[in-house]
Each structure stands twice: as structure tokens, then as C-alpha cells.
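# Structure assessment
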Amino acid sequence: MRDASANTTSARTAKTHLTRTMEALDTPYDIFTRYMTEQGMRKTPERYAIMDVVVSSKGHNSADQVLSMMPDNFHVSRGTVYSTLSLLVDSGLAYSHNVGGITLYENAYGVATHHHYICSGCNKIWDLCDTSIDHAITSVRTPKFKKMKISAYIYGYCNICQAKLARIKKKMEREKLNNMTREERRFARIDEELSQAAEWITKDIKN
């Protein structure tokens, strides 16, 4: 009886391993086909063509950019592109990112877990691979909640936008100074001198 039980357990383990191996070797076509079958959806050539474009594309692309990358022999509408992109995200073949009110799509097939940093000035997005982020998030306890995936976004300003903001700030300061009356300029200089004096006094106290 023990031998039979052991053989059964061994067979189940082997079957589970084989299933996982087959899933790991699934092509995007297999994954998309299985998803549409489970959802009872039509498997159209247009949907597969859009899938091919997304999976083979690099970077982060809007729906209109995906549409522009379609082969000439596939005339699909924007509506079909949008609906298919949603299916690709739901099936796990694509990532979606909301950047400045625009949804950008990224291939997820065969891509390792990664994060992103986004410029709030120009709305550009870059990939960020940092295992310390993964470790930090996975160590967070989530009672009665099962974490399925990790995705972090860091918002800020790129060096180009920082330079633009600095120029705008200087321009606004010059315009403000030009519009000041003589009396306002005098008080502005006094305020600046007092601020500098306060800094010197603070340094002396610390020393």
C-alpha cells in the first residue's frame, strides 16, 4: 500500500512539474489563445496581429503608436486596438502605465519584474531594475491579502526639465524685480541681507 501511495504521489508531482514546464514554455500565441478560449472570445487574425506588434515592440507605446506599427495588410480600427490591448493586459502579455493621462503599453512576455520612474514635466518613462525595491515591498505584511505582483513608480523631474524649471524661475524673478517700485526693491534687499545675517549667526552658534 505504501509503495502504491508513493507511486501515486510521485506521479502527481511529475505531472505538476510537467504542467509548470509546459506553461513556462508557452508562446504568446498559446497564452493569448488559452485566455480568449477561457473568456469565450473570438480569435481573430487582427487580435493576433496586434499581439505580435506588442510582444515584439520595445519601450512604452500608446494605442495610436501601436496602431501605426501594424502591418500594412491589417487595417484595424482604433477601437479594435484599444480592446485588444486591454485583453493583452488581462492575459498577462502586456503592462499598462498611466502617464500624464495617457495609457502606455509595454510587452510583458519574458520580461523580468521591474519598476519605473516618470518625469512629471515631460511625461517620459524609464525602466528601473532594482532588487532592493522588490525586497522592500515583498517584506511588507498584507494581512488577509495575497500579493500577486509588484509595481512601483517614482515620480520627479528629469535633468532637462530641471534645467527648464530653473530658467523659468530665474525669468520670473527678473520680471518680478523689474515690476517692483524703488521702495519695494529697497525692502527686498534688506530682507535678503537679514536672511544672510541670520544664516551667519546660526553658523557661529553651531561652531
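Residues numbered from 1 in each chain as written. Predicted model: local features only at pLDDT ≥ 70, side-chain atom pairs only at ≥ 80, totals over all residues. Heavy atoms only, no water.

Okay, unusual backbone geometry next. Residue N123 is not a glycine yet carries a positive backbone phi of 65°. The class of N123 is partly exposed, set by a relative accessible area of 34%. One non-glycine residue, K144, lies in positive phi territory at about 60°. The topology assignment puts K144 in the loop between helix 6 (131–138) and strand 5 (153–156). Note on K144: relative accessible area 91%, which makes it exposed. (Buried < 20%, exposed > 50% of the residue type's maximum accessible area, 1.4 Å probe, protein only. Helix = DSSP H or I, 4+ residues; strand = E, 2+ residues; numbered from the N terminus.)

Within the structure shown, the criterion is met by 2 salt bridges. Here D26 ties to R34 by a salt bridge, and the two come within 2.8 Å at their closest N and O atoms. D26 gets classed as buried once you look at its relative accessible area, which sits at 11%. In this structure, D64 engages R78 in a salt bridge whose closest nitrogen and oxygen atoms are separated by 2.9 Å. Linking D64 in helix 4 (residues 63–68) with R78 in helix 5 (residues 78–90), this pair joins segments that are 14 residues apart in sequence. On the basis of relative accessible area, D64 is assigned to the partly exposed category, the value being 40%. Exposure remark for R78: the relative accessible area of 43% places this residue in the partly exposed category. (Salt bridge = Lys/Arg side-chain N within 4 Å of Asp/Glu carboxyl O.)

Another aspect to go through is the sheet that holds strand 5. With mixed pairing, 3 strands are arranged side by side in an open sheet as 4-3-5. Whereas interior strands pair on both sides, the edge strands pair on one side only; in this sheet they are strand 4 (125–128) and strand 5. Strand-to-strand twist of the sheet, defined as the mean angle between neighbouring strand axes without regard to direction, takes the value 25°. The pairing of strand 3 (residues 115–119) with strand 4 spans 4 bridges and is antiparallel. Among the inter-strand pairings, H116 is bridged to a residue of strand 4, identified as D127. (Pairing = 2+ DSSP bridges. Axes fitted to C-alpha atoms, helices over the stretch in contact; angles between N-to-C directions.)

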